[in-house]
Amino acid sequence: MFYIGGKITKKNRMEKVELKIDYTIYRESYPEEYEDLCRAALNVIKKAYCVYSGFAVGAAVLMNNGEVVCGTNQENVAYPSGLCAERTALFYACSTYPETGIKAIAIAARDHGMEVEDHVTPCGACRQVMAEIVQRYKADFDVIMLGRKRTIMIKASQLLPFSFVMS
Ligand code: THU
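This report concerns the structure included in the present document. In this text the structure is predicted, and so the values were computed from the model without any measurement.

Some thoughts on the side chain of Thr72
Inference 1: Checked against the element boundaries, Thr72 lands in strand E5 (residues 68-72).
Inference 2: The class for Thr72 is buried, based on a relative accessible area of 5%.
Inference 3: Side-chain polar atoms of Thr72 contact the backbone oxygen of Lys47, separated by 3.3 Å.

Right under this line is the structure:
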């Protein structure tokens, strides 16, 4: 994320700021270095428990030690009690290998059995968790959001400007 900068005007001490993010789009393809990870995310979708939404999500986390940890969304009749695939995988990864750190996460989804056309995007809560992981391990990581037609790769640190921090 780039801070484009702003000017403080003398009149009202106001500063206008612009933020820019950068990411890569892959059309009908996946990033070459993460093809196996993408396949793992696609494969695990079938293990999702999504009886309420019909939206099945798979996440595959590549740790810095080469381990791949997968997770799926787990829904619950008391809706907010469920958990997204990303957090299922990330929390398991960080609790199993607390010292290791994360290199990348691939996210894939099927909507009522159909692979999504466009990249699947993590929700705000998952982005907040990713922001914390960047901070915790002092290292950014790649987020690959899969879609049949369009896949996007972006750095985790770029996904949630103004994430919550306690100073
Ligand atoms: N979901 C995820 O697991 N990850 C996302 O990135 C978006 C949403 C889940 C939550 C819920 O079980 C279902 O998809 C529909 O929102």
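Here we look at the pattern of salt bridges
Inference 1: Inspection of the entire model under this criterion finds six salt bridges.
Inference 2: Close ionic contact of Asp36 with Arg39 constitutes a salt bridge, the shortest N to O distance being 3.3 Å. A residue pair is termed a helical-turn pair when its members lie 3 or 4 positions apart in one helix, as Asp36 and Arg39 do in helix H1 (residues 35-44) at three residues.
Inference 3: On the accessibility criterion, Arg39 (46% relative accessible area) is partly exposed.
Inference 4: Among the salt bridges present, the one from Lys149 reaches Glu117, with a minimum N-O distance of 3.5 Å. Of this pair, Lys149 sits in the loop between strand E8 (142-145) and strand E9 (150-155) while Glu117 is found in the loop between strand E7 (114-115) and helix H3 (124-137), placing the two residues 32 residues apart along the sequence.
Inference 5: Exposure remark for Glu117: the relative accessible area of 35% places this residue in the partly exposed category.
Inference 6: Shared partners join several salt bridges into a network, and the residues in it are Glu35, Asp36 and Arg39.

Thoughts on the packing of aromatic side chains
Inference 1: For the structure shown, the criterion picks out one aromatic pair.
Inference 2: Each ring, one from Tyr52 and one from Tyr79, has its centre 5.6 Å from the other, and the planes form 45°; the classification is tilted. Of this pair, Tyr52 sits in the loop between H1 and strand E4 (55-63) while Tyr79 sits in the loop between E5 and helix H2 (85-96), and the two are 27 residues apart along the sequence.
Inference 3: For Tyr79, a relative accessible area of 60% puts it in the exposed group.

Basis of the calculations
Residues numbered from 1 in each chain as written. Predicted model: local features only at pLDDT ≥ 70, side-chain atom pairs only at ≥ 80, totals over all residues. Heavy atoms only, no water. Helix = DSSP H or I, 4+ residues; strand = E, 2+ residues; numbered from the N terminus. Buried < 20%, exposed > 50% of the residue type's maximum accessible area, 1.4 Å probe, protein only. Polar contact = N/O pair within 3.5 Å; in protein donor to acceptor, adjacent residues only side chain to side chain. Salt bridge = Lys/Arg side-chain N within 4 Å of Asp/Glu carboxyl O. Phe/Tyr/Trp six-rings, centres within 6.5 Å; stacked < 30°, edge-to-face > 60°.

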